[in-house]
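This is what each chain is made of:
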Amino acid sequence: MTDPIARIGILTISDRASRGEYEDKGGPAIQAWFGRVLTSPWEAVARVIPDEQPDIEAALRELSDVEGCSLIVTTGGTGPALRDVTPEATEAVCSKMLPGFGELMRTASLKFVPTAILSRQTAGIRGRSLVVNLPGKPSAIDDCLQAVFPAIPYCLDLIEAAYLEADPSQCKAFRPAHAKPR
């Protein structure tokens, strides 16, 4: 029996992109990254919404509870600007927070820009969904995913979500020796 196709929610949070005034580059960058790295079957469930906490919370609940996305990655809304509320929305809908994701992303980003300390990315668990906040810039998305993705497949295993496999030449996922492959 083969595993079902993993559903990955890609949520772009941008006032301008949601109004069509700005091309969404973050969502397509995330989709391209997973297309390059994942070897197991998956499909994207993409949304573009404004920087409004109630809208972000509703979209996260929908992607998790209705769409059945095992992994939900957000892009945008993680800085210190007044309208940046993605971390607050993530915390509001998750039952468990995983601050190590944000810590590692900031550490990885500091190698490139000193302003990485302004980022407030985080991650959390909602049911059988892992929610990870990423920055909005495509190059920063790549840096952050390279840093945290090695832990994502095993995290999904632990919450009994979809099984993800990656091409180790692109990004080596880690599973402990005792973890059983499906």
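Here is a short report on the structure shown in this document. From a predicted model like this one, the values you see are computed outputs, not experimental measurements. (Residues numbered from 1 in each chain as written. Predicted model: local features only at pLDDT ≥ 70, side-chain atom pairs only at ≥ 80, totals over all residues. Heavy atoms only, no water.)

Side chains Ala 123 and Ile 125 project from strand β5 (residues 123-126) onto one buried face, and the interleaved Gly 124 and Arg 126 project onto a second face that is buried too. For strand β4 (residues 96-97) and β5, the ladder comprises 2 bridges, and the chain directions are antiparallel. Of the residues in β5, the one forming a bridge with Lys 96 is Ile 125. Examined bridge by bridge, β5 and strand β6 (residues 129-134) share 4 bridges and lie antiparallel to one another. (Buried < 20%, exposed > 50% of the residue type's maximum accessible area, 1.4 Å probe, protein only. Helix = DSSP H or I, 4+ residues; strand = E, 2+ residues; numbered from the N terminus. Pairing = 2+ DSSP bridges.)

Before going further, it helps to examine the layout of surface pockets. The computed volume of the largest pocket comes to approximately 480 Å³. If one sorts the elements of the lining of the largest pocket by residue count, helix α6 (residues 138-148) sits on top with 4 residues. Lining the second largest pocket are 13 residues, with Ile 13, Ser 14, Tyr 22, Gly 76 and Gly 136 sitting closest to its centre. Looking at the lining of the second largest pocket, the elements with two or more residues in it are β1 (6-13) and α1 (15-18). Across the lining of the second largest pocket, the residue classes tally to 3 nonpolar, 6 polar and 4 charged. (1 Å grid on protein atoms, 1.4 Å probe; cavity = no way out; pocket = protein on both sides within 12 Å on 5 of 7 lines; lining within 4 Å. Points joined across faces, edges and corners; volume = space filled by probe spheres on them. Nonpolar A, V, L, I, M, F, W, Y, C, P; charged D, E, K, R; others polar.)

By size, the foremost hydrophobic cluster in this structure holds 31 residues, and its most contacted members are Phe 34, Leu 71, Leu 130, Val 132 and Phe 149. If you list the elements that add at least two residues to this core, you get β1, α2 (26-37), β3 (71-75), α5 (99-110), β5, β6, α6 and α7 (152-158). In this structure, Leu 130 is in contact with Ser 70, Leu 71, Ile 72, Leu 98, Phe 101, Gly 124, Ile 125, Ile 152, Cys 155, Leu 156 and Ile 159, ignoring residues within four places of it in sequence. Counting residues in hydrophobic clusters, the runner-up holds 15 residues, among them Ile 56, Ala 59, Val 85 and Val 131. (Core = buried A, V, L, I, M, F, W, Y, C linked by side-chain atoms within 4.5 Å. Contact = heavy atoms within 4.5 Å.)

Here the focus is the side chain of Asp 15. The topology assignment puts Asp 15 in helix α1. According to the relative accessible area criterion, Asp 15 is buried, its value standing at 15%. A distance of 2.8 Å separates the side chain of Asp 15 from the backbone nitrogen of Asp 51, its partner in a polar contact. Setting aside anything within four residues of it in sequence, one finds Asp 15 in contact with Pro 50, Asp 51 and Arg 83. (Polar contact = N/O pair within 3.5 Å; in protein donor to acceptor, adjacent residues only side chain to side chain.)

Taking 1.5 Å of rise per residue, 12 residues should cover 16 Å, and α5 covers 17 Å from first to last C-alpha, within 8% of that figure. Phe 101, Gly 102, Met 105, Ala 108 and Ser 109 are the residues of α5 that are buried. One side of α5 holds all its buried residues, which, seen down the axis, span an arc of 130°. Buried residues belonging to α5 abut β5, β6, α6 and α7. (Expected span 1.5 Å × (residues − 1). Arc of directions from axis to C-beta.)

What follows covers the pattern of salt bridges. This structure, assessed with the given rule, holds 13 salt bridges. Taking the shortest distance from any N to any O, the salt bridge between Arg 7 and Glu 43 comes out at 2.4 Å. Of this pair, Arg 7 sits in strand β1 while Glu 43 sits in strand β2 (residues 42-49), and the two are 36 residues apart along the sequence. Taking the relative accessible area as the measure of exposure, Arg 7 reaches 22% and is therefore partly exposed. What makes Glu 43 partly exposed here is its relative accessible area of 32%. The closest approach of N and O atoms between Arg 128 and Glu 160, which form a salt bridge, is 3.0 Å. Taken together, the residues span a long stretch of sequence, with Arg 128 in the loop between β5 and β6 and Glu 160 in the segment after α7 at a distance of 32 residues. Of the residues examined, Arg 128 reaches a relative accessible area of 51% and is grouped as exposed. Linked through salt bridges whose partners overlap, the residues forming this network are Arg 7, Glu 43, Arg 47, Glu 62 and Glu 67. (Salt bridge = Lys/Arg side-chain N within 4 Å of Asp/Glu carboxyl O.)

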